[in-house]
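Reading the structure
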Amino acid sequence: EHEVRVGIYPNEPKLLLDQNSRPSGILGDLLDEIARREGWTLAAVSCQWQQCLELLQAGEIDLLPDVAYNEARAQTLDFHKVPSLYSWSQLYSQPGVRLESMLDLDGRSIAVLEGSVQQSYLRDLLDSFGLKGQLVSVSSLMQGFELVQVGQADVVVANQRFGDFHAPRFDLIATPIMFQPAQLFYATSKGHNAELLNAIDRHLQDWQNTPGSLYYQTLQRWGGEQPRLLIPQGVWWALGSLSLLLLMAVSGAVLLRRQVAEKTRKLQSSERRLNTILDSVEAYIYIKDPDLRYQYANRKVCELFGQPREQVIGKTDEYFFDIDTAAKLHENDRRVLSLGERVEAEEINRSLDGDEEHAFISIKLPLRNAQGQIYALCGISTDITEHKRNLEKINQLAFYDPLTGLPNRRLLLDRLQLALAKHDRGLQQGALLFIDLDNFKDLNDTLGHDMGDQLLLQAAARLSQHVRSQDTLARLGGDEFVVMLEGLSSDPMRTARQVEVVGNKLVQALAAPYDLKGHSHISTASIGVALFPDGECNVDDILKRADLAMYQAKAAGRNALRFFDPNMQAEVSARARLENDLRQSLGAGHFVLHYQPQVGAHGQLLGAEALVRWQHPERGLVSPGEFIPLAESTGLILPLGRWILQAACEQLVAWGGQPQMSHLSLAINVSARQFHHPDFVDEVLAILAETGANPSRLELELTESQLVEDVEGLISKMLQLKAHGVRFSLDDFGTGYSSLNFLKRLPLNQLKIDQCFVRELLDHPSDAAIVRTILALGSNLGLAVTAEGVETQEQRDALLRMGCQKFQGYLFAQPGPAEILQHWHSMA
Ligand SMILES: Nc1nc2c(ncn2[C@@H]2O[C@@H]3COP(=O)(O)O[C@H]4[C@@H](O)[C@H](n5cnc6c(=O)[nH]c(N)nc65)O[C@@H]4COP(=O)(O)O[C@H]3[C@H]2O)c(=O)[nH]1
């Protein structure tokens, strides 16, 4: 006889031991019947669920009813094939507890049978939903129901058959939460009981296929319900699969939630990490939104603003910087935000109170969203204030003299190099003045270095007063200074003159007495000049030349200016002498006026032009061509011009007293410098009044070239004088650029055809054409025309034929003393 040891755990109505310790309940009764038919003797072993499983695996019992199939169990247990019972899990609670879905399990305590499939299922479920339910393990379902009844647990999980059967006793009700449809089997330990299982399958198969069989009677007896098996198998499987799918979907969703939570956690942690890094760097890092409000600011930015981060966020730069700074910052910001440019710029930021200034190198870049639109800008700024100060210091040390603050030799050489390069390209003329203080060593030796430094400082200050901003004043060391002049005239003679003027000013400035801490001290300087030469020349050459010239100045007795170029020096010296003589002659009355007659078509005397002559004590008569330009450039033309005007007016008065001469007019040349002098009109009128000369006999000659400057002023002066009867003629006409329109506006009386056209009149048809044009122009504008420089009868005849009515030139008379006019007149 075959004894089968059966594990029985209390799970009424499915399984229990009856009063005789025999298997009972649905599965107990079915097994009893199978045993009877198979001739087995059942030995019931009472155990709790978990214990039963252990006994089965250990081979201490042969068979355990009511085991749900799952993959894990199939590893250690064998199952027959036809399910003995279908079941699902359900939750039971006290009435009034609101439990509608799995999500309502959050925060609940759930009693669950230790080691049951529900236990692992629920654990996973709570976990994957992130629910905080607490699983309370119980060793029997009864215990679970009791815990809920007394309130020590909120819900209990049981298979639906057990639950529905027992719940009323514990005053519990079934909740709508069901899960885990399951198929229940009799299980054996692995590999030993195939016969047992086959026999069970056989009987179950028979019964289940036969309505009203013992199987269904048993079910009815224990539960009183309709047989579940009327639901087709497939539906059960579909339900099971659906619930599995649901589980998978839920798990998926929950997995996502978990991943999101994980990602969020990671993001938060990396944000913290990033913040730590951004706060520990020495750069200023910030993010501004399109309204230029700070969205982010790292520690350095907050420190700079002296505000906690919360005070910085949401504010604009106007809160932290002065208006100008904020405006400049925003200019860069807008380039980033509206043009999408990456901007790299140096920014100078002044604090709100204007006290602090910082220099930054800022890199600003646009931040774009996934669609590529700019939603903010990120700025990274580095404070370079200190760096700049150091650079300035280094620059100052490297290129400037520490005592005077003037450029040193190095900077001078740099600039000289550049100036020479420009000169080579024909862009400018320049000159170098090498200045050495005379006897400086003596001062140093006798009064000490401190006094020496004082003198150098004062000398430097005086020199800098006399150089223009585009020039360079440098100290080479010791008592040597250099002035480099740039942008001078391209005409070498004029350059020499310009440099001479500056050089002389410097010599004079340095020769004035110095006050050295109460000591009056006289010091002079010697200056050597080298102009930038036309050919190849390097920096050293030109310095050497200026240095050599400086030694010549020393050799000439110090306190002097010398040019390196001997011709230039000769020229300059001669001119200096001439200027000196001119000055003295003016005081001594060494000037005379000569007169050149102007005649009409019939040779009748109409008037004369006064031409000044210098009676030089040694050189005899000097022509105006030689000294008028010098007089103009030195300003001596003003006193000289006054003298000429005076003498001419006196001559007019003299003629006025002689009936045959009283009709003569007298022309005098007026230089531009004279005419443009503010007192000119008053002076002319004063001299006319003083001498009593007839203004309408006085004719002032202007040249075309002097009409260039301040035309309105010129016209106004001419009109004022014209109102008194004074007449005007335009000298050297045809050589300048006066436009006809302009000519029309001038209150002129006469044009004078320049000598050069008259000279070539007979040989060059073009000159003849010009003369004809001038004559026609004169007649159209109602102006008299005088031909100058008429030397031959042929010229005169030709001019006459062309319509010229007034002549002047050697053909009639050379300029001479007033007497020649008298004589000329009596001849006529
Ligand atoms: N070859 C040649 N030359 C002739 C002939 N007829 C006259 N000349 C010269 O031509 C010059 C005419 O004077 P300009 O054109 O006003 O040119 C004048 C004028 O610009 C200036 N100048 C002369 N006197 C004065 C003056 O009192 N004041 C001012 N500001 N400038 C004066 O000096 C310039 C030269 O004066 P000068 O040497 O006296 O030279 C005079 C005169 O001697 C001729 O047939 N052939």
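Above this text you will find the structure in question.
Let me sum up the structure you'll find in this document. (Residues numbered from 1 in each chain as written. Predicted model: local features only at pLDDT ≥ 70, side-chain atom pairs only at ≥ 80, totals over all residues. Heavy atoms only, no water.)

1. Overview of the packing of helix α21 (residues 637-656) against helix α23 (residues 680-691)
The geometry of α21 relative to α23 is characterised by a closest axis approach of 9 Å and an angle of 35° between their N-to-C directions. Pair α21 / α23 crosses with right-handed handedness. Between α21 and α23, the residues in contact are R642, L645, Q646, C649, E650 and V653 and E683, V684, I687, L688, E690 and T691, respectively. Its residues assigned to classes, the contact of α21 with α23 shows six nonpolar, two polar and four charged. (Axes fitted to C-alpha atoms, helices over the stretch in contact; angles between N-to-C directions. Helix = DSSP H or I, 4+ residues; strand = E, 2+ residues; numbered from the N terminus. Left-handed = near helix turned anticlockwise from the far one by under 90°. Contact = heavy atoms within 4.5 Å. Nonpolar A, V, L, I, M, F, W, Y, C, P; charged D, E, K, R; others polar.)

2. Section: the pattern of salt bridges
For the structure on display, the rule yields 40 salt bridges. Between R350 and D322 there is a salt bridge, and its shortest N-O distance comes to 2.6 Å. Note that R350 is positioned in strand β14 (residues 343-350) and D322 in the loop between α11 (309-312) and α12 (323-339), a separation of 28 residues in sequence. A residue is classified by how much of its surface remains accessible, and R350, at 27% relative accessible area, is partly exposed. Note that K364 and D333 form a salt bridge whose closest N and O atoms lie 2.6 Å from each other. Of the two residues, K364 sits in strand β15 (residues 357-368) while D333 sits in helix α12, which places them 31 residues apart along the sequence. With respect to burial, K364 and D333 carry one shared label: buried. Taken together, the salt bridges that share partners define one network made up of K288, D317, D333, E347 and K364. (Salt bridge = Lys/Arg side-chain N within 4 Å of Asp/Glu carboxyl O. Buried < 20%, exposed > 50% of the residue type's maximum accessible area, 1.4 Å probe, protein only.)

3. Regarding the site of the ligand
Taken together, 20 residues lie around the ligand, and Q596, R613, Q755, E791 and Y810 are the ones closest in. Between the ligand and V612 there is a distance of 3.1 Å, counted from a nitrogen atom to a backbone nitrogen or oxygen. Within the complex, the protein chains bury 82% of what would otherwise be the 790 Å² of accessible surface of the ligand. Among the elements of the structure, β25 (605-616), α20 (624-634) and β29 (727-733) are those that each provide at least two residues to the shell around the ligand. Looking at the shell around the ligand, the element that brings in the most residues is β25, giving four residues. Considered class by class, the residues forming the shell around the ligand number eight nonpolar, six polar and six charged. (Near = heavy atom within 4 Å. Polar contact = N/O pair within 3.5 Å; in protein donor to acceptor, adjacent residues only side chain to side chain. Areas by Shrake-Rupley, 256 points an atom, 1.4 Å probe, with all protein chains shown as cover.)

4. With respect to empty space enclosed by the protein
All chains considered together, the criterion is met by four cavities of 30 Å³ or more. Taken as a whole, the largest cavity holds about 240 Å³ of empty space. What lines the largest cavity is a set of 23 residues, and nearest its centre among them are Y9, K14, V117, Q118 and N159. Only β5 (64-68), β7 (85-93), β8 (109-113), α4 (117-129), β10 (155-159) and β11 (173-189) provide two or more residues apiece to the lining of the largest cavity. Residues that form the lining of the largest cavity fall into these classes: 13 nonpolar, seven polar and three charged. Each pocket or cavity is described by its volume, and for the second largest cavity that value is around 130 Å³. Around the second largest cavity, the lining is made up of 16 residues, and of these Y286, Y294, F321, N349 and S381 lie nearest the centre. Grouping the constituent residues of the lining of the second largest cavity by class yields nine nonpolar, three polar and four charged. (1 Å grid on protein atoms, 1.4 Å probe; cavity = no way out; pocket = protein on both sides within 12 Å on 5 of 7 lines; lining within 4 Å. Points joined across faces, edges and corners; volume = space filled by probe spheres on them.)

5. Observations regarding the packing of aromatic side chains
Evaluation of the coordinates by the stated rule reveals 24 aromatic pairs. Measuring from ring centre to ring centre gives 4.8 Å for F675 and F680, while their planes differ by 35°; the resulting arrangement is tilted. By way of ring pairs, the aromatic residues Y286, Y294, F305, Y319, F320 and F321 are connected into one cluster. Just above the ring of F399 sits the side chain of R410; from NZ or CZ to the centre is 5.1 Å. In this arrangement the basic side chain of R462 is found over the ring face of Y514, its NZ or CZ atom lying 3.6 Å from the centre. (Phe/Tyr/Trp six-rings, centres within 6.5 Å; stacked < 30°, edge-to-face > 60°. Lys NZ or Arg CZ within 6 Å of the ring centre and 35° of its normal.)

6. Focus: unusual backbone geometry
At the junction of E12 and P13, the peptide bond is cis and its omega measures out at 10° in the coordinates. Tracing the backbone through its elements, the reader meets P13 in the loop between β1 (2-8) and β2 (16-17). Positive phi outside glycine occurs at K517, with the angle close to 50°. The topology assignment puts K517 in the loop between β20 (514-516) and β21 (519-521).

7. Digging into the pairing of strand β22 (residues 525-531)
The two faces of the sheet receive side chains in turn, since in a regular strand these alternate between them. Within β22, seven of the seven residues are buried, which leaves it mostly tucked inside the rest of the structure. Alternating positions in β22 separate into two faces, A525, I527, V529 and L531 on one and S526, G528 and A530 on the other, with burial throughout. As judged from the seven bridges shared by strand β17 (residues 429-437) and β22, these two strands associate in the antiparallel manner. Of the residues in β22, the one forming a bridge with A431 is L531. Sheet topology places β22 next to strand β23 (residues 561-563); three bridges connect them, and they run parallel. By the bridge assignment, G528 is partnered in β23 with R562. For the handedness criterion, the β-α-β arrangement of β22, helix α18 (residues 539-555) and β23 is classed as left-handed. (Pairing = 2+ DSSP bridges. Right-handed = clockwise from strand over helix to strand, strands pointing away.)

8. Considerations on the sheet that holds β23
Spatially, β18-β19-β17-β22-β23 is the arrangement adopted by the five strands of the open sheet, whose pairing is mixed. This sheet does not close on itself; its edge strands, each paired only once, are β18 (472-477) and β23. Between one strand axis and the next, the sheet turns by 20° as a mean value, whatever way the strands run.

9. As for the state of the cysteines
What the rule picks out here adds up to one disulfide. Each sulfur in the disulfide pair C47 and C52 lies 1.9 Å from the other. Note on the C47 and C52 pair: the S-S dihedral is about 105°, so by sign convention the disulfide is right-handed. (Disulfide = S-S within 2.5 Å.)

Any link to function would need more than the numbers given here.
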